[in-house]
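Secondary and tertiary structure notes
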Amino acid sequence: MGKAKEKPIDKQQGKAPKKTKLPGAPKAPEAARAPKPPRASKVPKASKSAGEISAPGEKGTGTGRTAGHRISPNSLMVKMIGAFVILIIMIFLVGTVSYSVAKSVVSQEVKASMTETVSAKGSYLELGLQQVDNQMLEIISMEECAAYYLNPKLDVSALTKEQTTAKGEVSSKILSLKSISDFVYHVYLISDVATGLTTTPVTLGLGTYEEFIASAEGQQIDASSDKWGYLGRHPFLEQAVYQEDDKFNSSDYAISMWRKVNMKTNMILVVDIDKSTVYNALAELDNGEGSYAAFVAPDGNETVYCGGGTQEEAPSFSQMEAYRQAIEAEAADGYREIRFQGRPYVFAYSRIGSTGAMLITLVPTSQFLGNTGSIQTITYLMVLVALVIAVAMCI
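No experiment lies behind these values; they were computed from the predicted model shown.

A word on the overall build of the protein
Secondary structure assignment for the protein yields ten helices and ten strands. In the protein, buried positions account for 36% of the 395 residues. A fraction of 57% describes how many contacts in the protein between residues 6 or more apart in sequence connect residues 24 or more apart. When the accessible surface of the protein is split by element, carbon and sulfur atoms take 56% of a total near 24,500 Å².

Here it is as structure tokens:
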């Protein structure tokens, strides 16, 4: 048998072609085949520790800007964060200090201004009362008054022409008081030797003086060593007017002034001060909603104005501890910080001359510290914005 021709090597595949099996050639036994070598197992790649830095071209295993890196305390990012924190703290401190200083300065200036305003208005009321007192002194100093009311020999049932004329002159003078001064409300002249005079409908007969002296207010006047003074109320005269004319209002007064003459005869002149005049003066002390202004007579009779349409019930000033302290204080005017209805208030007062009356304003601090609160609000907003910017730059 000739030799079989071998197939040429395939150049494209680079492999020798399979030999053609000859028919009838026996198969090689299984044991004679060489075993295949085992495949080498893959060695896992060592993971990089957190402190290692990836070589150029390698991808880090972490996430985020600083993943795979240890942040150094001297790094730029740490310095930037520190600078932002310091800046935020400084903004907060500046705002807080500015608010505290502004609050203190505004508070002191407003309190001083309130005291000056109350004192000025008190001086106005004192001047008005002084003018009324001058008119009262002029009446009891009239020759006609001496000829009629201070005449111990006066016989009202047999008046002379001069006595009748004198009474008419005194009556005209009393009636003219209301046109001379807006402060005058009603006038009462009471004598123990003659029928009295008044601007009200009541008749002041010969026995009126003794009845009046027996009343509480009459006893106060009679026992006083002074020749003049002030009353908060005089219920005896009010009741006398009411019994004469129950539709006539004689109780709308803020305070009463009196003068007395005790010589051979006794005479008392009482002038009521118009409450509306005092109320109008209080209205000029309006400090907005929640504020009050009050005129307090020596016996506690109060005329109160509620500022800015305040709906709350007016307080009783004469029952306040601040009022009692103001009465005992040496200073004629001043202020105190108090709490009223659970809120901080400023209590400013001024004594009205020697009347024993007091002018008071009660103002919530929020009325004049509201604008300074904007400093605090702006500070908090600036701090919040700075924090947002700092966090955004660090992400």
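Some points on the pairing of strand E1 (residues 184-191)
Extensive coverage of E1 is indicated by the burial of eight of its eight residues. Strand direction decides the pairing type here: E1 and strand E5 (residues 266-274), joined by six bridges, are antiparallel. Directly across from Tyr188, in E5, lies its bridge partner Val270. Pairing of E1 with strand E2 (residues 197-198) involves two bridges; the strand directions are antiparallel. Within E2, the position partnered with Tyr188 by the bridge is Thr198. In this structure, the hairpin formed by E1 and E2 is closed by a connection of five residues.

So, the side chain of Ser291
Looking at where Ser291 falls in the secondary structure, it is placed in the loop between helix H7 (275-283) and strand E6 (292-296). Residue Ser291 is classed as buried on the basis of its relative accessible area of 2%. Within the structure, Ser291 has its side chain in polar contact with the backbone oxygen of Gly288 (distance 2.5 Å).

About the cut-offs
- Residue numbers restart at each chain and count upward from 1, following the sequence in its written direction.
- Where local features are concerned, this predicted model is filtered to residues with pLDDT of at least 70; where side-chain atom pairs are given and counted, the filter is 80 or more; whole-chain, interface and lining totals use all residues.
- Heavy atoms throughout the structure, all of them, feed into the side-chain values; hydrogens and water do not.
- Under the scheme used here, helices are H or I runs from DSSP no shorter than 4 residues and strands are E runs no shorter than 2 residues, and both carry numbers assigned from the N terminus.
- Each residue gets one of three labels from its accessible area relative to the maximum for its type: buried under 20%, exposed over 50%, partly exposed in between, using a 1.4 Å probe on protein chains only.
- Contact criterion: two residues are considered in contact whenever any of their non-hydrogen atoms come within 4.5 Å of each other.
- Methods summary: accessible areas were calculated by the Shrake-Rupley approach with a probe of 1.4 Å, and residue burial reflects only the protein chains presented.
- Following DSSP output, two strands are said to pair if at least two bridges run between them.
- Any N or O atom pair separated by 3.5 Å or less is treated as a polar contact, with the protein-specific requirement of one donor-capable and one acceptor-capable atom, and with residues adjacent in sequence counted only for side-chain atom pairs.

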